[in-house]
Each structure stands twice: as structure tokens, then as C-alpha cells.
Amino acid sequence: QVLLVESGGGLVQPGGSLRLSCAASVMLFSIDNWGWYRQAPGKQRELVAELTTATSTTNYADSVKDRFTVLRDSAKKTLYLQMNSLKPEDTAVYYCNAVVSRRSYWGQGTQVTVSS
């Protein structure tokens, strides 16, 4: 089953922007939490941002705060990650996560590479 479909990754120069998207299947109803995570080579997967749907509140990692923004389209059941002022340190595979009734679902990941 394909329940989360990510897209939008690519190669950009430092200072550039990308918008990632994560489209959730309608089978994933009543999503309690959305999240964006990333994993760089040799590193642990880390939280980038998380959205609690009940309160529409978003928490960002310090490393991306003020540069990244989570956007949500409830009608399309899609979560976006707008990434601005990208740095080489942002290079990683980015994963979408959705929590439904305490069960976590993950997207396939999309590669973001920031280099000159």
C-alpha cells in the first residue's frame, strides 16, 4: 500500500528554495500528527518539524526555524515543507510522517541536495 507520497526534492544551490509535498491517502483519516524528518548520510534520522492537527501548532527544529515553513492543505490531505535559504547542512533524505491512532506511517523519502 502506498499511503504517503512525497515529491519535490532535488538539487539546489545554497540560498535556494524547494517545496516538498506529502500527499496522504484518504485511507489515513483523522491524522493526529504530521511530521517532516530528515536523515543525512551517517546520521540519525532527525525531526525537522511536526504539526499537531488538533491545535494546528507546529514545532520546528532550531536548525531550520525561520527558514522552513510547514503548510497544510486539509482538503487535499497534503502537507508541504517550504524550504528557503537552504544550506549545505540541509542535505539529506527528507521523510514525511503521519500518525493515525498511535500508528506511524512513513513516506518513501525524497532527496534534497544543497551544493554549489
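Conventions we followed
Residues numbered from 1 in each chain as written. Predicted model: local features only at pLDDT ≥ 70, side-chain atom pairs only at ≥ 80, totals over all residues. Heavy atoms only, no water. Pairing = 2+ DSSP bridges. Helix = DSSP H or I, 4+ residues; strand = E, 2+ residues; numbered from the N terminus. Axes fitted to C-alpha atoms, helices over the stretch in contact; angles between N-to-C directions. Phe/Tyr/Trp six-rings, centres within 6.5 Å; stacked < 30°, edge-to-face > 60°. Lys NZ or Arg CZ within 6 Å of the ring centre and 35° of its normal. Buried < 20%, exposed > 50% of the residue type's maximum accessible area, 1.4 Å probe, protein only. Polar contact = N/O pair within 3.5 Å; in protein donor to acceptor, adjacent residues only side chain to side chain. Contact = heavy atoms within 4.5 Å. Disulfide = S-S within 2.5 Å. Salt bridge = Lys/Arg side-chain N within 4 Å of Asp/Glu carboxyl O.

Bringing the sheet that holds strand 3 (residues 18-24) into the picture now. One open sheet accounts for 4 strands, arranged 1-3-8-7; its pairing is antiparallel. At either end of the open sheet lies a strand with only one pairing partner, and these are strand 1 (4-7) and strand 7 (68-73). If you compare each strand with its neighbour and ignore which way they point, the axes differ by 15° on average. Sheet analysis places strand 3 next to strand 8 (residues 78-83), joined by 6 bridges and oriented antiparallel. Its bridge partner being in strand 8, S21 is matched across the sheet by Y80.

The next point concerns the packing of aromatic side chains. Within the structure shown, the criterion is met by 1 aromatic pair. For R45, the ring lying beneath its charged end belongs to Y95, and the centroid distance is 4.0 Å. For R45, the ring lying beneath its charged end belongs to W106, and the centroid distance is 4.6 Å.

Here R67 lies in the loop between strand 6 (57-60) and strand 7. With relative accessibility at 11%, the residue R67 sits in the buried group. Here the side chain of R67 touches D90 through a polar contact of 2.8 Å, side chain to side chain. Beyond its immediate chain neighbours, meaning those up to four positions away, R67 contacts Q82, M83, N84, S85, L86, K87 and D90.

This paragraph deals with the state of the cysteines. Considering all chains together, one arrives at 1 disulfide under this definition. Residue C22 pairs covalently with C96 via a disulfide, S to S 2.0 Å. Measuring handedness by torsion sign, the sulfur bridge of C22 and C96 sits at about -80° and is left-handed. A residue pair is termed long-range when its members are at least 10 positions apart, and C22 in strand 3 and C96 in strand 9 (residues 92-100) qualify at 74 residues.

What the rule picks out here adds up to 3 salt bridges. Between D90 and R38 there is a salt bridge, with its nearest N and O atoms 2.9 Å apart. Here D90, found in the loop between strand 8 and strand 9, pairs with R38, found in strand 4 (residues 33-39); they are 52 residues apart in sequence, far enough to count as distant. Residue class for D90 comes out buried when judged on its relative accessible area of 1%. R38 gets classed as buried once you look at its relative accessible area, which sits at 5%. Its salt-bridge partner being R67, residue D90 comes within 2.8 Å of it at the nearest N-O pair. Placement of the pair is D90 in the loop between strand 8 and strand 9 and R67 in the loop between strand 6 and strand 7, with a sequence separation of 23 residues. Of the two residues examined, D90 and R67, each falls in the buried class. Overlapping salt bridges bring together R38, E46, R67 and D90 as one network.

Interpretation note: all reported values are geometric properties and have no functional meaning in isolation.
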